[in-house]
Amino acid sequence: MPRLVFHPEEVKIISRRFGQGAADIDKYIALDGYKAVQTAIEKGVDWIIAEMKASGLRGRGGAGFPTGMKWSFVPKQSERPKYVLVNGDESEPGTCKDHVIFLHDPHAVIEGTMIAGLAIGSKMGFIYLRGEYRYLLKIMEKAVADAYAKGFLGKNIFGSGIDFDIVTQTGAGAYEVGEESALMESLEGKRGVPRIKPPFPAVVGLYGGPTVINNAETIASVPHILLMGGEAYAKVGSERNGGTRLFGISGHVVNPGVYELPMGYNLKKAIYEVGGGISNGRKLKAVVPGGSSTPVLTADEIDVGLDFDQMGKAGTMLGSGGIVVIDDQTCMVEFALRTIKFYQHESCGWCIPCREGTDWLKKTIGRVHAGGGVAKDLDNIRYLAENMLGRTFCPLGDAAAMPTIGFIKKFRHEFEDHLNGKPCPYAHAEEPALV
Amino acid sequence: MADVTFTVDGKKLTAPAGTLLIDACKNAGIEIPAFCYYPNLSLQAACRMCVVRIEKMPKLQTACTTPVAEGMVVQSETDEIKQARKATIELLLGNHPLDCPVCDAGGECELQDMTFKYGAAESKYIEIKQHREEQQWSPVVYFDRPRCILCYRCVRVCGEGMDVWALGVENRGVSSVIAPNGQDHLNCEECGMCIDLCPVGALTSGTYRYKTRPWEMNHVATICTHCGDGCKTTLGVRSVNDGVEIIRGDNRDKSGINGDFLCNKGRYGFDFANRTDRLTKPLVRQADGKFAEVSWDKALDFAAKKLREIREAKGGQAIGVIGSNRTTNEENYLLQKFARTILGTNNIDHHRTADYVSFASALNGKSGRTAGLRDTTSAPAILLLGNNPTDQHPALAWNLRSNVRLNRSRLYVANHAEIKLRRQAKSFLQIPQDGYASLIQYLGGNDGAIAADDNTTAFRDAIRKEESLLIVFGSEYRGRDIQALVEFGLSLPNTKFAALGDYANSRGAADMGLLPDLLPGYVPVNDAAHFVDEYGATLPTTAGLDLLQMFDAARNGDLAALYVVGSNPVSRYGVDPSALKNTFLVVQDMFLTETAQLADVVFPAANLYEKAGTVTNTYGDIQLVKKAADKAGVRTDFELIVRLADRMGADPKKLVPFGRGSFADMGQTRGAQSGEADRHAVWLAANHLEPKLSPFDPFATLDEIQRLVPSYHVSRLELLTGSEQPEKFDLVQIQPAASRRDLVLPAEDTLFTSGTLGRYSGMLKDIVESHTTPNPAETAAD
């Protein structure tokens, strides 16, 4: 189990109850648990949506879509049942934020799911955990059972006359089902491949019903937002990026861990102050700022605020908040290889550019790293990645192409250093950070 | 839906709202390439070939998933798009074996075509290609896995189209592979649709693979000889030293009434034509009781002389004629004309698989009440009574499934068995095997006719609420039951009917008067004035013996001669061979069947794939058959009838109204081989040329049929182009017989059998065997 970390720079909102035994329902209640949902029942749907919109909360899965707006897209009237779906298929390398939520504050996920259900008029929520989080499922299942035992879930919740049920489910171990429509396929018991959009889940989602699907961190933020008020939450963050976010700082830093920082927090500060700087006294070479799919930043590019807009301007993405710090003893070709190996392994195979493209990228980069590369390979790597970008069925193709383009663009010299039978200049280096 | 206007490549186009961009473009003559897109199957957007640039959209969009919208501005072939497509092909070719020179699909491959178009000619990769061993999944389906581009067409057509669901995807990513439901083999209906839709050479056909190159074949679109649906099948043929052999059957020409569909028989069941044990020389039984091969002249003279002697000595009533369910309309018509005007007998019949006579009688001349096969793809509500189309009418079953799937048509099924189509049925009613007549009474309002429960009443209520109903009924309905069924149907606002019979020209055999009491067009034999005028000959006016009566007569010594054309009644009706010992038996067939073995003279005959003419499917769609194959030594039944008549001293010109005043050409002057006259005829007809110069020209006879049988008035052009008939013809008016003998004997074929003919197909036999040998691994499974 990862240890909990704390840093004075943190702003504790979502992580407020971490380390306080809030997985126990009574402890959770003692820490203001299940208050937000009762307030929500009292004040009604319009109030919930208004608070959510005011909070400026944007989806924590990586795409950053405003949550309040997403909820308001769900049709009021529907012949089919509406569903709330919690995406806990946290699989992006470098990302471990949902993990700590499930571990330390599972009831926040349940409460957030209930509030989302109230907001869209759904009676049923699903909490979907990645296959590898099976051990967290026990915690989540116990939390759900405890909530039922207290009468918080099931018929007539909190005397409101509203029924709400929650079901938990794990995947079978596929990154692809982190994509929302593939997750729905998986949840329905089918092969985890994405669906054609439109229709979007808000209209036709799980089992054909209108569905709100939110990242687990997004959902867990909801009770806190209602407790502190949307505007107060928004003020914590930066412009158009409300609130805080759990950042997972990993790799070559002194104090790796999951830290809750306000949106817009400076990346350089996050690494050097919060993360305690580069480990082993080495120098920084590069940072993958938001999970392995986000384009790499060089050491000179990290003086930038951690929010969706500023990261976009810097030519990368905030992504899932998984900051991977890479020191100067790391081979960037091997890092690129490790990254593409993941995407090649996880490609669902549905569409040609991703299925074939990731495989050829893996083979080519692997050969370059092993010393078998020729000059045209470097252009080929870029050509392959650029021809995948924007051409695939789902964003996973982009997730593989974007970092690859970043590596070959910003660290082409390191690729060149491997060509023509030359051994890897970092052959004695440790394993790359991203394992 | 309302039309919307949009722009593609600067062209203003209009299409109904909701049309997919890829289809709208295709209709306007703009081709957008795609591997995974296939009309009427679910959308995949997996191949990314159909990407186009749509204004105001940040990324390239897939045309296969984008419905056209008002004001949409589309670029379909810019440099950016070409590059995207080229890159996709490069990726595919990375692992695709470039074994095009030996690949079955070489020359007919969509990947080849696209590579040619987008010029992905440079090999970008050094690593070796992924290789996997080829697999045989069934006697007819082979899977060459490295060639597969994962377009999922096979998976979808098997599941969505066939409702078989025998294919799926195993593994993921670059290891993804199409896999059959039986682990290493298929448990399926062997339709071969997966092979048909495969854009590359991944799925290959057991009957065709590695036999030839596509460009070495001629492709002849004709009509399948097997069941009564009358699907168009395209035969790939190639010259060999004893004629023209068929190497492939498929559905590359989707213009037939079967649309996208072809079943296993249409696709693989042609190999009987190529068998080495086919008869190619006439056989005459010698004094020692054994057959001897003799020349055509000798055999024809012998048979003609005997028939003439018997006619003169005993009269026509001592001669019987049995026709075929698989010969053309022209041959059937000619056979009855030969029987009636030259043999002087009404003793003519055929193996009846449906009671078309009672159907005609029940409709009694009402127009617009029969449904063509295509109607089953669009009728909003269909009542299926009896039969099991999945086995006996695969194209109908496909249409019904597609109609329910694509048009949300309502299918009502009543059957004594839980047939597979109940899965598509809105409502299914299981009735006792003898309950079909009572069901009609019940549907008509007689509450006591069957023990009704809620399901039954709901079934009846739903049917009676339909504003337009197509009733398709099997041969469970005969005689008075058909009368009752049609009466019930006509009591509803707008009903059409289709009667299901079993073979390629079962309907045509009845329509053309292979019946002891009815002339072509169901005209009673005692009402033959029109025919007498046209033929310039007298016709016997009393009804003759039916098929069973003929064998009774033979047994009693009252049938001196029997002429059997393309039929095997001895096997079908279990006739005791001794019954025929005093009967002079002439048989025309491809093989030495049980019937032919008893014959005095056997003429080697051509099959439906070796001749031209027309056939009528069980729905009444009249279609052109074209000569595709040829076998040295055989003659068409048409030619044989004419030659027999000629040698019996009849005027061939009166039999076949060819030439219109010109000189009778029996073909000898041109040294004609079998079938040549047919080819000639097709050419002449196609060019609207008269007169027909040969007495072997079936189209001269079609002219006469059209003069005498008003319902066969179909445009010759429609026939030639194979397009839909402009009007569905109707059965003509006949008086219902007071009591008609029930002579219907359903063929009871399964999906893989086809009467006597099917027994001569090695591939169908293999399929049957593979389906009857239990697989130990599966006995536990469902």
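Enquirer: Please give an account of the packing of aromatic side chains that cites residues and values.
Expert: Going through the model one piece at a time under the given rule, you end up with 28 aromatic pairs over all chains. Taking the centre distance of 4.5 Å and the plane angle of 55 degrees together, the rings of Tyr34 of chain A and Phe152 of chain A count as tilted. Note that Tyr34 of chain A is positioned in the loop between helix 1 (25–30) and helix 2 (35–43) and Phe152 of chain A in the loop between helix 7 (134–149) and strand 3 (165–170), a separation of 118 residues in sequence. A relative accessible area of 0% means that Tyr34 of chain A is categorised as buried. Plain terms: the ring middles of Phe473 of chain B and Tyr477 of chain B are 6.1 Å apart, the flat faces sit at 85 degrees to each other, and that makes the pair edge-to-face. Just as Phe473 of chain B is buried, Tyr477 of chain B falls in that class too. Of the aromatic side chains, those joined through ring pairs into one cluster are Tyr28, Tyr34, Phe152 and Phe158 of chain A. The aromatic ring of Tyr383 of chain A is capped on one face by Lys124 of chain B, whose charged end is 4.4 Å from the ring centroid. Taking NZ or CZ as reference, Lys306 of chain B lies 5.4 Å from the ring centre of Phe584 of chain B, over its face.

Enquirer: I'd like to hear about the pairing of strand 1 (residues 83–88) of chain A, residue by residue, with values.
Expert: Residue and element names in this part refer to chain A. Burial analysis of strand 1 places six of its six residues in the buried class, the great majority of the element. Neither face of strand 1 is open: one carries Tyr83, Leu85 and Asn87, the other Val84, Val86 and Gly88, and all of them are buried. Pairing of strand 1 with strand 2 (residues 124–129), which is carried by six bridges, proceeds in the parallel orientation. Each bridged residue has a counterpart across the sheet, and for Gly88 the counterpart in strand 2 is Leu129.

Enquirer: Before we move on, could you go through a nonpolar patch on the surface and cite the residues and values that matter?
Expert: Side chains of Phe65, Met69 and Phe73 of chain A sit close together on the surface and give an oily, nonpolar patch of about 280 Å² of accessible area. In this structure, Phe73 of chain A sits in the loop between helix 4 (67–72) and strand 1.

Enquirer: Requested: an account of the sheet that holds strand 30 (residues 630–631) of chain B, with residues and values cited.
Expert: Residues and elements named next belong to chain B. Strand order in this open sheet of four strands is 11-12-13-30, and the pairing throughout is antiparallel. Two strands lie at the open edges of the sheet, namely strand 11 (218–223) and strand 30, each paired on one side alone. As paired elements, strand 12 (residues 232–240) and strand 13 (residues 243–250) share seven bridges and run antiparallel to each other. From the neighbouring strand, Leu235 faces strand 13, where its bridge partner is Gly249.

Enquirer: Describe in detail the sheet that holds strand 25 (residues 561–565) of chain B, supporting the description with residues and values.
Expert: Backbone hydrogen bonds are what pair the strands of a sheet, in a parallel or an antiparallel way. All names here are of chain B. In spatial order, the strands read 15-14-27-26-25-16-17; together these seven strands make up an open sheet with mixed pairing. The two strands at the open ends of the sheet, each matched to only one other strand, are strand 15 (291–293) and strand 17 (348–349). By the bridge criterion, four bridges tie strand 26 (residues 584–589) to strand 27 (residues 601–604) in an arrangement that is parallel. Its bridge partner lying in strand 27, Gln588 is registered against Phe603. Its contacts with the sheet place helix 8 (residues 329–343) against strand 16 (319–322), strand 17 and strand 25, and it is angled at close to 170 degrees to strand 16.

Enquirer: Account for the side chain of Arg17 of chain A, with residues named and values stated.
Expert: Residues and elements named next belong to chain A. Turning to its location among the elements, Arg17 is positioned in the segment before helix 1. Within the structure, Arg17 has its side chain in polar contact with the backbone oxygen of Leu31 (distance 3.0 Å). A distance of 3.1 Å separates the side chain of Arg17 from the side chain of Asp105, its partner in a polar contact. Beyond its immediate sequence surroundings of up to four residues, Arg17 is in contact with Ala22, Tyr28, Leu31, Asp32, Gly33, His104, Asp105, Ala108, His224 and Leu227.

Enquirer: I'd like a description of the domain arrangement of chain A, backed by residues and values.
Expert: All names here are of chain A. Partitioning chain A into domains gives domain 1 (25–236), domain 2 (244–327) and domain 3 (332–416). Summarising the inter-unit geometry, the C-alpha centres of domain 1 and domain 3 are found 34 Å apart. Contact residues are listed per partner, giving 14 residues for domain 1 and ten residues for domain 3. Here domain 1 and domain 3 share an interface that buries about 910 Å² over both sides, 71% of which is from carbon and sulfur atoms. Joining domain 1 to domain 3, the criterion identifies zero salt bridges. The tally of links from domain 1 across to domain 3 stands at two residue pairs in polar contact (both at pLDDT 80 or more).

Enquirer: Could you give an account of helix 7 of chain A, naming the residues involved and the relevant values?
Expert: Residues and elements named next belong to chain A. Taking 1.5 Å as the rise per residue, helix 7 with 16 residues should run 22 Å; its terminal C-alpha atoms sit 23 Å apart, in good agreement. The elements touched by buried residues of helix 7 are helix 1, helix 5 (97–104), helix 6 (106–120), strand 2 and strand 3. Of the residues one or two after helix 7, Gly151 is the one with positive phi, at around 80 degrees.

Enquirer: Go over the environment of Lys211 of chain B with me, naming the residues and quoting the values.
Expert: All names here are of chain B. On the secondary structure map, Lys211 appears in the loop between strand 10 (203–205) and strand 11. Under the relative-accessibility criterion, Lys211 is labelled partly exposed at 45%. Through-space distance from the C-alpha of Lys211 to that of Tyr609 is 20 Å; in sequence the pair is 398 residues apart. Setting aside residues up to four positions removed in sequence, Lys211 forms contacts with Arg238 and Ile247.

Enquirer: I'd like to hear about the environment of Cys424 of chain A, residue by residue, with values.
Expert: All names here are of chain A. Structurally, Cys424 is set in the segment after helix 17 (412–416). Of the residues examined, Cys424 reaches a relative accessible area of 13% and is grouped as buried. Counting along the chain gives 139 residues from Cys424 to Lys285, while the straight-line C-alpha distance between them is 17 Å. Every residue in contact with Cys424, bar those within four places of it in the chain, is listed here: Cys331, His369 and His418.

Enquirer: Go over the interface of chain A and chain B, please, and point to the residues and values.
Expert: Interfaces are often sized by the amount of accessible area the parts lose when they come together. Between chain A and chain B, the contact holds 34 residues from the first and 36 residues from the second. For chain A, the biggest contributors to the area lost against chain B are Ile352, Trp360 and Arg391 of chain A; these three give 22% of the whole. Between the two partners, chain A and chain B, sit three salt bridges. Between Glu127 of chain B and Arg367 of chain A there is a salt bridge, with the nearest N and O atoms lying 2.4 Å from each other. Where chain A meets chain B, there are 21 residue pairs in polar contact (both at pLDDT 80 or more). Elements represented by at least two residues in the side of chain A that touches chain B include exactly helix 13 (332–346), helix 14 (352–369) and helix 15 (375–388) of chain A. Looking at the side of chain A that touches chain B, the element that brings in the most residues is helix 14 of chain A, giving ten residues. A class-by-class count of the residues in the side of chain A that touches chain B yields twelve nonpolar, eleven polar and eleven charged.

Enquirer: Please give an account of unusual backbone geometry that cites residues and values.
Expert: For residues other than glycine, phi is negative in most cases, and the peptide bonds are mostly trans. Cis geometry is found at the peptide bond from Lys197 of chain A to Pro198 of chain A, where omega equals -10 degrees. One can find Pro198 of chain A in the loop between helix 8 (180–187) and strand 4 (211–215). Along the chain, Pro198 of chain A connects to Pro199 of chain A via a cis peptide bond; the corresponding omega equals 5 degrees. Summarising the element assignment, Pro199 of chain A is placed in the loop between helix 8 and strand 4. One non-glycine residue, Gln183 of chain B, lies in the positive phi region at around 65 degrees. Even without being glycine, Tyr210 of chain B reaches a positive phi, approximately 55 degrees. Within the secondary structure layout, Tyr210 of chain B lies in the loop between strand 10 and strand 11. Judged by its relative accessible area of 42%, Tyr210 of chain B is partly exposed.

Enquirer: If you had to explain the domain arrangement of chain B to someone new, which residues and values would you point to?
Expert: What the domain assignment lists for chain B is domain 1 (3–77), domain 2 (101–205), domain 3 (283–353 + 506–611 + 632–654) and domain 4 (356–500). Just the C-alpha atoms count here: the centres of domain 2 of chain B and domain 3 of chain B sit 49 Å apart.

Enquirer: Let's hear about the pairing of strand 7 (residues 284–288) of chain A: which residues, and what values?
Expert: All names here are of chain A. Of all the five residues making up strand 7, five are buried; the element is thus mostly covered by neighbouring parts of the structure. Bridging between strand 7 and strand 9 (residues 322–327) involves four bridges; their strand directions are antiparallel. Bridge pairing in strand 9 places Leu284 opposite Asp327. As defined by bridge partners, strand 7 adjoins strand 8 (residues 297–298) across two bridges and the pair is classed as antiparallel. Opposite Val287, over in strand 8, you have Leu297 as the bridge partner.

Reading the values: rules and limits
Residues numbered from 1 in each chain as written. Chains lettered and ligands numbered in written order. Predicted model: local features only at pLDDT ≥ 70, side-chain atom pairs only at ≥ 80, totals over all residues. Heavy atoms only, no water. Phe/Tyr/Trp six-rings, centres within 6.5 Å; stacked < 30°, edge-to-face > 60°. Helix = DSSP H or I, 4+ residues; strand = E, 2+ residues; numbered from the N terminus. Buried < 20%, exposed > 50% of the residue type's maximum accessible area, 1.4 Å probe, protein only. Lys NZ or Arg CZ within 6 Å of the ring centre and 35° of its normal. Pairing = 2+ DSSP bridges. Patch = residues over 30% accessible without salt bridge, like charges linked within 9 Å, V, L, I, M, F, W, Y side chains within 5 Å. Areas by Shrake-Rupley, 256 points an atom, 1.4 Å probe, with all protein chains shown as cover. Salt bridge = Lys/Arg side-chain N within 4 Å of Asp/Glu carboxyl O. Contact = heavy atoms within 4.5 Å. Axes fitted to C-alpha atoms, helices over the stretch in contact; angles between N-to-C directions. Polar contact = N/O pair within 3.5 Å; in protein donor to acceptor, adjacent residues only side chain to side chain. Domains from an automatic or database assignment. Buried area = accessible area lost by both parts, 1.4 Å probe. Expected span 1.5 Å × (residues − 1). Nonpolar A, V, L, I, M, F, W, Y, C, P; charged D, E, K, R; others polar.

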